[in-house]
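For reference, the chains in residue letters:
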Amino acid sequence: MIIAKKVFVFDDNRDILDLCTFILEDAGYEIKTSETANDIEKQVSDYMPDLIFMDNWLPDLGGIQATRALKQHPDLKHIPVIYFSANNDISSLADEAGADSYLSKPFDIAALEEIVKKHLS
């Protein structure tokens, strides 16, 4: 039996979460979503995904702080984090956060699938 790779998507926009869920489940991945980065370490530890998408604008703890927290955690720092945002300065935000890569919004389906494959193959 093939075990599906797990992707965790953090975004405060429910439409984006629904879109990512639809696209990635259709591509054979298991998806979990969250609209907040509260208790980021616990949320991620409870699911232990193979890949994380992190929005820049998250309530309370922003995407940069959330990504940094994950990258400083000994049990979670190995999980690739893809920063995604509509911000024009996304590459420097991703660098500042310590993310492994980034995806600009709006993104097309092919770009989303491509970046997931790249990090999960």
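This write-up is about the structure you can find in this document. (Residues numbered from 1 in each chain as written. Predicted model: local features only at pLDDT ≥ 70, side-chain atom pairs only at ≥ 80, totals over all residues. Heavy atoms only, no water.)

**Some thoughts on the overall build of the chain**
Part 1: The secondary structure content of the chain amounts to five helices and five strands.
Part 2: When the helices and strands of the chain are read in sequence order from the N terminus, they spell out β-α-β-α-β-α-β-α-β-α.
Part 3: Relative to its length of 121 residues, the chain is compact, with a C-alpha radius of gyration of 13 Å against a globular reference of 14 Å.
Part 4: The C-alpha extent of the chain, read off along each of the three principal axes, is 35 × 30 × 25 Å.
Part 5: With 121 residues in all, the chain has 45% of them scored as buried.
Part 6: Restricting to contacts in the chain with at least 6 residues of sequence separation, those with at least 24 account for 59%.
Part 7: Across the chain, the mean location of the 11 positive side-chain charges is 6 Å away from that of the 22 negative side-chain charges. (Helix = DSSP H or I, 4+ residues; strand = E, 2+ residues; numbered from the N terminus. Rg over C-alpha atoms; globule rule 2.2 N^0.38 Å. Buried < 20%, exposed > 50% of the residue type's maximum accessible area, 1.4 Å probe, protein only. Contact = heavy atoms within 4.5 Å. Lys, Arg positive; Asp, Glu negative; His and termini not counted. Charge placed at Lys NZ, Arg CZ, Asp CG, Glu CD.)

**Digging into the packing of helix 1 (residues 14-26) against helix 5 (residues 109-120)**
Part 1: The interhelical angle for the contact between helix 1 and helix 5, taken along N-to-C directions, is 60°, at an axis separation of 11 Å. It follows from the interaxial angle that helix 1 and helix 5 lie oblique. As for the relative orientation of helix 1 and helix 5, their crossing is right-handed in sense. Contact residues: helix 1 offers Cys-20, Ile-23 and Leu-24, while helix 5 offers Ile-109, Leu-112, Glu-113 and Val-116.
Part 2: A per-class count over the contact of helix 1 with helix 5 returns six nonpolar, no polar and one charged. (Axes fitted to C-alpha atoms, helices over the stretch in contact; angles between N-to-C directions. Parallel < 35°, antiparallel > 145°, perpendicular 65-115°, else oblique. Left-handed = near helix turned anticlockwise from the far one by under 90°. Nonpolar A, V, L, I, M, F, W, Y, C, P; charged D, E, K, R; others polar.)

**Notes on the packing of helix 3 (residues 63-72) against helix 4 (residues 90-97)**
Part 1: Running from amino to carboxyl end, helix 3 crosses helix 4 at an angle of 40°, the nearest separation of the two axes being 8 Å. It follows that helix 3 is oblique to helix 4 by the angle criterion. Residues Ile-64, Thr-67 and Arg-68 of helix 3 form the contact with helix 4, whose own contacting residues are Leu-93, Glu-96 and Ala-97.
Part 2: When the residues that make up the contact of helix 3 with helix 4 are grouped by side-chain class, the tally is three nonpolar, one polar and two charged.

**Section: the pattern of salt bridges**
Part 1: With the rule as written, the count across this model stands at seven salt bridges.
Part 2: In this structure, Asp-11 engages Lys-105 in a salt bridge whose closest nitrogen and oxygen atoms are separated by 2.5 Å. Of the two residues, Asp-11 sits in the loop between strand 1 (6-10) and helix 1 while Lys-105 sits in the loop between strand 5 (101-104) and helix 5, which places them 94 residues apart along the sequence. Residues Asp-11 and Lys-105 agree in their burial class; the two are buried. (Salt bridge = Lys/Arg side-chain N within 4 Å of Asp/Glu carboxyl O.)

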